[in-house]
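Observations on the three-dimensional arrangement
Residue-level listing of the chains:
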Amino acid sequence: MTDAWGRYEAALEPERRRVSEGGVLARLLRPGCDDRLFARWFLRFSAHGVHLGGYEGWWLPDEGAGRDRHGNGPDPVRALLESVQATADWWHGRYGERPDVAALLRTPPPAGAEFYVRLCENVVGGAAPFRAAAIGHETARLMATAGPGLLAGCRRVFGGDAGCAAFLAAQVAEHAARLDGYRRRLASCLAEDPASLAPVAGTGTSALASFSVFLAECWELAAADLDASDLDAADLDADGGER
């Protein structure tokens, strides 16, 4: 890898550490995270993630979410909806009431999701579309590193109900498979144009920050869905500087 790549990595490291070591992600990965809060967060994350899938936010427009050149392959929106329904069914079976999925899906997207989508659209349609590689790399890196822990939380909470986490499992595997390709593409772009380091690093940082805010907003909405008196104060204190 080039010196420019090393400088990019150094520029992104503070935001990566902030996202992975503090705030909501650290609480989600905590073994003692309240089962109900984790499940409601996951429901919110999946339901509001439909907005990302609908606007190609999970995958950049030139990637096709694992589809071939003819557009065949998995539909991320359909997979997300199946995850939402499975999680709502699990909640009903465990707690005797079924969350209103239709109302969740009608909820306007959280600000973090909206910003992430607009960032993708503006970068891909802008003067330097190669900056999209920074979005892809940082999102893939986050999913590849934090995803296994989130899946472990799903197994702990949902048990054998694999339908709840099927979409997340597919996303983690797909992002991990794409990570090296993003890294090579991004390193190549930076080697060809070292002066682009600042805007490219800024794009990667913005992608991480907006996705982190999205995770935090889903957590806050999930906590509001529950009776706060039944929850651990350590779980409720989850902004961790996300905003």
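Described below are features of the structure shown in this document. It should be emphasised that the depicted structure is a prediction, and the values quoted were computed from it without experimental measurement.

1. Focus: the layout of surface pockets
- In this structure, the largest pocket occupies an estimated 160 Å³ of space.
- Arg 16, Ser 20, Arg 141, Leu 142 and Thr 145 are, among the 15 residues lining the largest pocket, the residues nearest its centre.
- A total of seven residues in the lining of the largest pocket trace back to one element, the largest contributor, which is helix H1 (residues 3–21).
- Residues belonging to the lining of the largest pocket are distributed by class as follows: six nonpolar, two polar and seven charged.

2. Here we look at empty space enclosed by the protein
- One pass over the structure, following the stated rule, counts two cavities of 30 Å³ or more.
- Approximately 60 Å³ is the volume attributed to the largest cavity.
- The element that contributes the greatest number of residues to the lining of the largest cavity is helix H7 (residues 132–158), accounting for five residues.
- Taken together, the residues that form the lining of the largest cavity break down as nine nonpolar, one polar and no charged.

3. Let's talk about the pattern of salt bridges
- Tallying each qualifying case throughout the model produces 15 salt bridges.
- The salt bridge involving Asp 225 is made with Arg 40; its shortest N-O contact spans 3.6 Å. Remark: Arg 40 occurs in helix H3 (residues 35–54) and Asp 225 occurs in helix H9 (residues 197–225); sequence separation between them is 185 residues.
- Its relative accessible area of 29% is what places Asp 225 among the partly exposed residues.
- Of the charged contacts in the structure, one is a salt bridge between Arg 98 and Asp 89, with a shortest N-O distance of 2.8 Å.
- Overall, the relative accessible area of 36% leaves Arg 98 in the partly exposed class.

4. Structural notes on helix H8 (residues 166–192)
- Helix length check: H8, at 27 residues, gives a terminal C-alpha distance of 39 Å against a target of 39 Å (1.5 Å per residue), a fit within 8%.
- Maximum bend of H8: about 35°, positioned at Leu 179.
- Among the residues making up H8, those that are buried are Phe 167, Leu 168, Gln 171, Val 172, His 175, Arg 178, Leu 179, Tyr 182, Leu 186, Ala 187, Cys 189 and Leu 190.

Basis of the calculations
Residues numbered from 1 in each chain as written. Predicted model: local features only at pLDDT ≥ 70, side-chain atom pairs only at ≥ 80, totals over all residues. Heavy atoms only, no water. 1 Å grid on protein atoms, 1.4 Å probe; cavity = no way out; pocket = protein on both sides within 12 Å on 5 of 7 lines; lining within 4 Å. Points joined across faces, edges and corners; volume = space filled by probe spheres on them. Helix = DSSP H or I, 4+ residues; strand = E, 2+ residues; numbered from the N terminus. Nonpolar A, V, L, I, M, F, W, Y, C, P; charged D, E, K, R; others polar. Salt bridge = Lys/Arg side-chain N within 4 Å of Asp/Glu carboxyl O. Buried < 20%, exposed > 50% of the residue type's maximum accessible area, 1.4 Å probe, protein only. Expected span 1.5 Å × (residues − 1). Bend = angle between axes of the 7 residues up to and from the residue.

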